[in-house]
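Tertiary structure, described
Spelled out from the first residue to the last, the chains are:
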Amino acid sequence: MLQAGEWAYSKTLKEHFMNPKNILQGEDTDAFDGVGMEGNLQCGDQMMVVIKVDKEKDTITDCQWKTYGCASAIASTSVLSEMVKGRTLDDAFHISPKEVALELGGLPDHKIHCSVLGDKALRAAINNYYTRNGQEDKVKQEQAKVICQCMNITDHDIEDAVLEGARTYFELQEHTKCGTVCGQCKDETEVLLEKYKHIHFGA
Ligand code: FES
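Residues numbered from 1 in each chain as written. Predicted model: local features only at pLDDT ≥ 70, side-chain atom pairs only at ≥ 80, totals over all residues.

1. Regarding the overall build of the protein chain
- Scanning the protein chain for helices and strands turns up eight helices and five strands.
- Going from the N terminus to the C terminus, the protein chain shows its helices and strands as α-β-β-β-α-α-α-α-β-β-α-α-α.
- In terms of C-alpha radius of gyration, the protein chain reaches 18 Å, essentially the compact-globule figure of 17 Å for 203 residues.
- For the protein chain, the spread of C-alpha atoms along the three principal axes comes to 50 × 50 × 30 Å.
- Looking at the protein chain residue by residue over its 203 residues, the buried ones come to 36%.
- Long-range pairs, those at least 24 residues apart, make up 60% of the contacts in the protein chain with a sequence separation of at least 6. (Helix = DSSP H or I, 4+ residues; strand = E, 2+ residues; numbered from the N terminus. Rg over C-alpha atoms; globule rule 2.2 N^0.38 Å. Buried ≥ 20, exposed ≤ 12 C-beta atoms within 10 Å, placed from the backbone. Contact = placed C-beta atoms within 7 Å.)

Encoded structure:
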């Protein structure tokens, strides 16, 4: 059990929280090739990620960010901003929250969803770069699909609930109210529940 004052986080995470890397200074983003925003201040957290791109090699040469997020969001995005430098846009687009958590030396399960904010904003910045440079065909939209018609619950809502701790169908229902009317969405929901548990937690 943790003693009073003891941190539940790894040394690497603490280092990135106390000394975050690549913080964007000021408001001017003109010098950057792609800008991505994610989150909503009214919900308590918002993230901006900006990137510079080597257009010959399609690689990220710089990545900076700023956030109104929690310690886990700050540490995750700090380490992510280091991880993406030198990577191709396509490679960076596919970095998962699990890879970021591993690089941080672990992240408590209930905090994984905080790390998603940074990589969503990174994907938005990459899509913004493609759009600005006439490469709309490469833009990968994260379209949500409605799974529960009765309660208007999407696959993204189900993924968020898993990231916030839902591990069983019952817990998912508690989080989202998915499947609480006609129940016809149950099979598809259970498949997605297992898929997201596997992707994010290797379960
Ligand atoms: S479709 Fe989900 S409860 Fe009806």
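Still more ground to cover, so stick around.
2. Overview of unusual backbone geometry
- The phi dihedral of N22 is positive, around 65 degrees, even though this residue is not glycine.
- Mapping N22 onto the fold places it in the loop between α1 (11–18) and β1 (34–40).
- Non-glycine residue N152 carries a positive phi angle of around 55 degrees.
- Tracing the backbone through its elements, the reader meets N152 in the loop between β4 (146–148) and β5 (153–154).
- Residue N152 is classed as exposed on the basis of its C-beta count, with 11 C-beta atoms lying within 10 Å.

3. Description of helix α8 (residues 186–201)
- Counted at 1.5 Å a residue, the expected span for α8 with its 16 residues is 22 Å, and the 22 Å between its end C-alpha atoms agrees.
- If you check which residues of α8 are buried, you get T189, L192, L193, Y196 and H200. Projected onto a plane normal to the axis of α8, the buried residues spread over an arc of 110 degrees and lie on a single side. Exposed residues lying more than 90 degrees from the buried face of α8 are D187, V191, E194 and H198.
- A positive phi of about 65 degrees marks G202, the residue just after α8. (Expected span 1.5 Å × (residues − 1). Arc of directions from axis to C-beta.)

4. A word on the environment of R123
- Relative to the assigned elements, R123 resides in helix α5 (residues 112–132).
- Judged by local crowding, R123 falls into the buried class, with 21 C-beta atoms found within 10 Å.

5. Notes on the environment of A101
- Along the polypeptide, A101 turns up in helix α4 (residues 97–103).
- Judged by the 23 C-beta atoms lying within 10 Å of it, A101 falls in the buried class.
- Excluding its chain neighbours within four sequence positions, the residues that come into contact with A101 are G106, L107, I112 and S115.

6. Things to note about the domain arrangement of the protein chain
- Domain parsing of the protein chain yields domain 1 (11–138) and domain 2 (146–201).
- Each of domain 1 and domain 2 has a C-alpha centre, and the two are 26 Å apart.
- Of the residues lining the interface, eight residues belong to domain 1; the matching set on domain 2 comes to seven residues.
- Of all the secondary-structure elements, those providing two or more residues to the side of domain 1 that touches domain 2 are α4 and α5.
- The biggest single contributor to the side of domain 1 that touches domain 2 is α5, with three residues.
- For the side of domain 1 that touches domain 2, a count of residues per class yields three nonpolar, three polar and two charged. (Domains from an automatic or database assignment. Nonpolar A, V, L, I, M, F, W, Y, C, P; charged D, E, K, R; others polar.)

7. Brief notes about the pairing of strand β2 (residues 45–54)
- Direction of pairing for β2 relative to strand β3 (residues 59–67): antiparallel, over a ladder of eight bridges. Across the sheet, residue V49 finds its bridge partner in β3, namely W65. (Pairing = 2+ DSSP bridges.)

8. Structural notes on the nonpolar core
- In terms of nonpolar packing, the biggest core is built from 45 residues, with V49, I51, L122, A125 and I158 touching the most fellow members.
- The two domains that each donate at least three residues to this core are domain 1 (11–138) and domain 2 (146–201).
- Here I158 is in contact with I147, I153, L172, T176, C178, T189, L192, L193 and Y196, once residues within four sequence places are set aside. (Core = buried A, V, L, I, M, F, W, Y, C linked by C-beta atoms within 7 Å.)

9. Here we look at the packing of helix α6 (residues 155–163) against helix α7 (residues 169–176)
- Between α6 and α7, the shortest axis-to-axis distance is 10 Å and the interhelical angle comes to 110 degrees. Relative to α7, α6 is oriented roughly perpendicular. Considering the relative orientation of α6 and α7, their crossing is right-handed. Here D157, I158 and A161 of α6 lie close against α7, whose contacting residues are L172, H175 and T176. (Axes fitted to C-alpha atoms, helices over the stretch in contact; angles between N-to-C directions. Parallel < 35°, antiparallel > 145°, perpendicular 65-115°, else oblique. Left-handed = near helix turned anticlockwise from the far one by under 90°.)

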